[in-house]
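# Understanding the architecture of this molecule
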Amino acid sequence: MAPKTEYNENQKRWYVSGLTEQKDMVEIKPKVIADSIYIEKSTAGVVKVVGKFNGLTVNRCKSIGVVFDTAISIVEVVNCEKVQVQALETCPTFVVSKSSGITFYGSEACKGVTSVVSSSSSTVNYILPEGDDMKEYALPEQIVTKVDAKGVVSHEVSTE
């Protein structure tokens, strides 16, 4: 079965589903900057988004890759396994929820700009360029919160 790609003019949203082979590649070119992209129910392949768009959601996918130029607001990965996402330019917010094995590759332009939010997820890595190399940052899977006389204080649990 071939991957399905359709555009909903009223919602200004691209829908992509059914990528099942490593060779499957879908290229999306947003029509307007307000467009969003929704990728779901895929088990292999790559989605490439060329140009600027508002937001992108990857839901219920496994072993896919997503490469994009510029996200204006958010990129989120929900209910996924082994998904790789790469920003070639900028992405202000990257969200991972109820997922495992997620890798986000940020560009030089993402440094100091991108916020990463994760919840109910494991094995989430953020990779950024550092000189000629790439540096990997593992996001904490566990947070400890303590209540003291001054209020609530949270910190990550280090596994080092």
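Since the structure is predicted, the reported quantities are computational estimates derived from the model, not experimental observations. (Residues numbered from 1 in each chain as written. Predicted model: local features only at pLDDT ≥ 70, side-chain atom pairs only at ≥ 80, totals over all residues. Heavy atoms only, no water.)

Across its full length, the protein chain holds zero helices and 14 strands. A globule of 160 residues ought to have a C-alpha radius of gyration of about 15 Å, and the protein chain, at 17 Å, matches this closely. Principal axes of the C-alpha set define a box for the protein chain whose edges measure 55 × 40 × 30 Å. Within the protein chain, buried positions represent 39% of all 160 residues. The contacts in the protein chain between residues at least 6 apart in sequence include a share of 8% that link residues at least 24 apart. As displayed, the protein chain has an accessible area near 9100 Å², and 48% of this comes from carbon and sulfur atoms. Between the centroid of the 17 positive side chains of the protein chain and the centroid of its 20 negative side chains there is a distance of 6 Å. (Helix = DSSP H or I, 4+ residues; strand = E, 2+ residues; numbered from the N terminus. Rg over C-alpha atoms; globule rule 2.2 N^0.38 Å. Buried < 20%, exposed > 50% of the residue type's maximum accessible area, 1.4 Å probe, protein only. Contact = heavy atoms within 4.5 Å. Areas by Shrake-Rupley, 256 points an atom, 1.4 Å probe, with all protein chains shown as cover. Lys, Arg positive; Asp, Glu negative; His and termini not counted. Charge placed at Lys NZ, Arg CZ, Asp CG, Glu CD.)

Let's shift gears to empty space enclosed by the protein. The final tally for this structure, using the stated rule, is one cavity of 30 Å³ or more. Within this model, the largest cavity holds a volume of roughly 30 Å³. Around the largest cavity sit Ser118, Ser121, Ser122, Thr123, Val124, Leu139, Pro140 and Glu141, which together line it. Of the residues that constitute the lining of the largest cavity, the class distribution is three nonpolar, four polar and one charged. (1 Å grid on protein atoms, 1.4 Å probe; cavity = no way out; pocket = protein on both sides within 12 Å on 5 of 7 lines; lining within 4 Å. Points joined across faces, edges and corners; volume = space filled by probe spheres on them. Nonpolar A, V, L, I, M, F, W, Y, C, P; charged D, E, K, R; others polar.)

Before going further, it helps to spend a moment on the packing of aromatic side chains. One pass over the structure, following the stated rule, counts five aromatic pairs. Ring geometry for Phe94 and Phe104: centres 4.1 Å apart, planes at 20 degrees, overall stacked. Taken together, the residues Phe94 in strand E8 (residues 93-97) and Phe104 in strand E9 (residues 100-105) connect sequence positions ten residues apart. An identical accessibility class is assigned to Phe94 and Phe104; each is buried. Each residue in the set Phe94, Phe104 and Tyr126 is aromatic and connected to the rest through ring pairs, giving one cluster. (Phe/Tyr/Trp six-rings, centres within 6.5 Å; stacked < 30°, edge-to-face > 60°.)

Bridge count for strand E1 (residues 4-8) against strand E2 (residues 13-17) is five bridges, and the pairing is antiparallel. Bridge pairing links Tyr7 to Trp14 in E2. Counted along the chain from E1 to the antiparallel partner E2, the turn is four residues long, and its residue Lys12 has a positive phi close to 55 degrees. In this sheet, strand E4 (residues 36-40) lies alongside E2 in parallel orientation, the contact comprising five bridges. The residue of E4 that forms the bridge with Val16 is Ile39. (Pairing = 2+ DSSP bridges.)

Next up on the list: the environment of Val32. Relative to the assigned elements, Val32 resides in the loop between strand E3 (25-28) and E4. Excluding its chain neighbours within four sequence positions, the residues that come into contact with Val32 are Lys12 and Lys52.

Turning our attention to the pattern of salt bridges. This model, assessed by the stated rule, comprises six salt bridges. One salt bridge in this structure joins Lys62 and Glu81, with 3.9 Å as the shortest N-O distance. Note that Lys62 is positioned in the loop between strand E5 (46-59) and strand E6 (65-78) and Glu81 in the loop between E6 and strand E7 (84-87), a separation of 19 residues in sequence. (Salt bridge = Lys/Arg side-chain N within 4 Å of Asp/Glu carboxyl O.)

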